[in-house]
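An overview of the molecular structure
The primary structure of each chain is shown beneath.
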Amino acid sequence: MESMSKRFFKLADNVYVPHRWDLGTPVDHQDRQVDDRPFTCGTPVPITSRLRIPVENAGKPLDFTEASVGLPVVHVRVASMFAELAPDDVQLIPVDVEGQPDQYLILVAKRLIRCIDEQASRIQLWTHENGVPDMVGKYFSVRDLRIDRTQVGSAQVFRPEGWTVALIVSGEIKDALERMGATGVRFQEV
């Protein structure tokens, strides 16, 4: 019953921060690009070596940035808050950000929850006409995302099953990020 009254928000990169940096795709110790898809699947990621993230466009470093395609990279102070408020929900992977003396970490949501409210969200599904047979019936587009909070349980951070491009955080996490003045964050209630 508790999560019925809780509020949840899609946490995204605030691309409107002036003079902000842009981060690229992580690379391994041999400068090979790493497949970054597993980092946004809502499950823990096995990492064997330290990764480095190139800076595509130099600019103002942010506390929260989505590198490459939706890969959350957070400053150590933001990572510490996530570790404190959502220890069971996140994996924090230390990375070297090119030219940065401060510590940064990749934020991985370890929970995948079937919670999209299909009636309240604007959903488009893949069809046979799209020509990708193994995607038929899956989400093609989710706009005005809304979740069924009764499905969330105790989670503070998660990705919705079927639409893992969205990183969802609780109101408590949102409030903590705002209190600390975290830069680069943008919230949309779901």
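That block above? That's the structure.
Here we summarise the structure given alongside this text. Only a predicted model underlies this, so the values are computations on that prediction, with no experimental measurement involved.

Thresholds, definitions, all that
Residues numbered from 1 in each chain as written. Predicted model: local features only at pLDDT ≥ 70, side-chain atom pairs only at ≥ 80, totals over all residues. Heavy atoms only, no water. Helix = DSSP H or I, 4+ residues; strand = E, 2+ residues; numbered from the N terminus. Contact = heavy atoms within 4.5 Å. Polar contact = N/O pair within 3.5 Å; in protein donor to acceptor, adjacent residues only side chain to side chain. Phe/Tyr/Trp six-rings, centres within 6.5 Å; stacked < 30°, edge-to-face > 60°. Buried < 20%, exposed > 50% of the residue type's maximum accessible area, 1.4 Å probe, protein only. Lys NZ or Arg CZ within 6 Å of the ring centre and 35° of its normal. Salt bridge = Lys/Arg side-chain N within 4 Å of Asp/Glu carboxyl O. Disulfide = S-S within 2.5 Å.

Some remarks on the environment of aspartate 36
In this fold, aspartate 36 is placed in the loop between strand 2 (22-23) and strand 3 (51-53). The sequence separation of aspartate 36 and valine 95 amounts to 59 residues, and the corresponding C-alpha distance is 13 Å. When near neighbours in sequence (up to four residues on either side) are disregarded, aspartate 36 contacts Thr25, Pro26, Ser68, Val69 and Leu71. A polar side-chain atom of aspartate 36 sits 2.3 Å from a polar atom in the side chain of serine 68.

Things to note about the packing of aromatic side chains
The full count for this structure, using the stated rule, is four aromatic pairs. Both rings, one in phenylalanine 9 and one in phenylalanine 187, keep their centres 6.4 Å apart while their planes meet at 80°; by these two values the pair is edge-to-face. Here the residue phenylalanine 9 occupies a position in strand 1 (residues 8-13), and phenylalanine 187 occupies one in strand 14 (residues 185-189), the gap between them amounting to 178 residues. An angle of 55° between the planes, with centres 5.4 Å apart, marks the rings of tryptophan 21 and tyrosine 104 as tilted. In this pair, tryptophan 21 sits in the loop between strand 1 and strand 2 while tyrosine 104 sits in strand 8 (residues 104-109), placing the two residues 83 residues apart along the sequence. Exposure remark for tryptophan 21: the relative accessible area of 1% places this residue in the buried category. Sitting above the plane of the phenylalanine 9 ring, lysine 174 keeps its charged end 5.0 Å from the centroid. Above the face of the phenylalanine 187 ring, lysine 174 is positioned so that its terminal group lies 5.5 Å from the ring centre.

With respect to the pattern of salt bridges
In the structure shown here, the tally under the stated rule is 13 salt bridges. Between glutamate 161 and arginine 114 there is a salt bridge whose closest N-O contact spans 2.7 Å. Here glutamate 161 is found in the loop between strand 12 (157-160) and strand 13 (168-170), whereas its partner arginine 114 is found in the loop between strand 9 (112-113) and strand 10 (122-125), with 47 residues between them in sequence. Residues arginine 122 and aspartate 144 are paired through a salt bridge, measuring 2.9 Å at the closest nitrogen-oxygen approach.

Some details on the state of the cysteines
One pass over the structure, following the stated rule, counts zero disulfides. No disulfide involves cysteine 41; its sulfur sits 16 Å from that of cysteine 115, the nearest cysteine. On the accessibility criterion, cysteine 115 (3% relative accessible area) is buried.

Remarks on the environment of alanine 120
Mapped onto the elements of the fold, alanine 120 is located in the loop between strand 9 and strand 10. Among residues more than four places away in sequence, those in contact with alanine 120 are Asp144 and Arg146.

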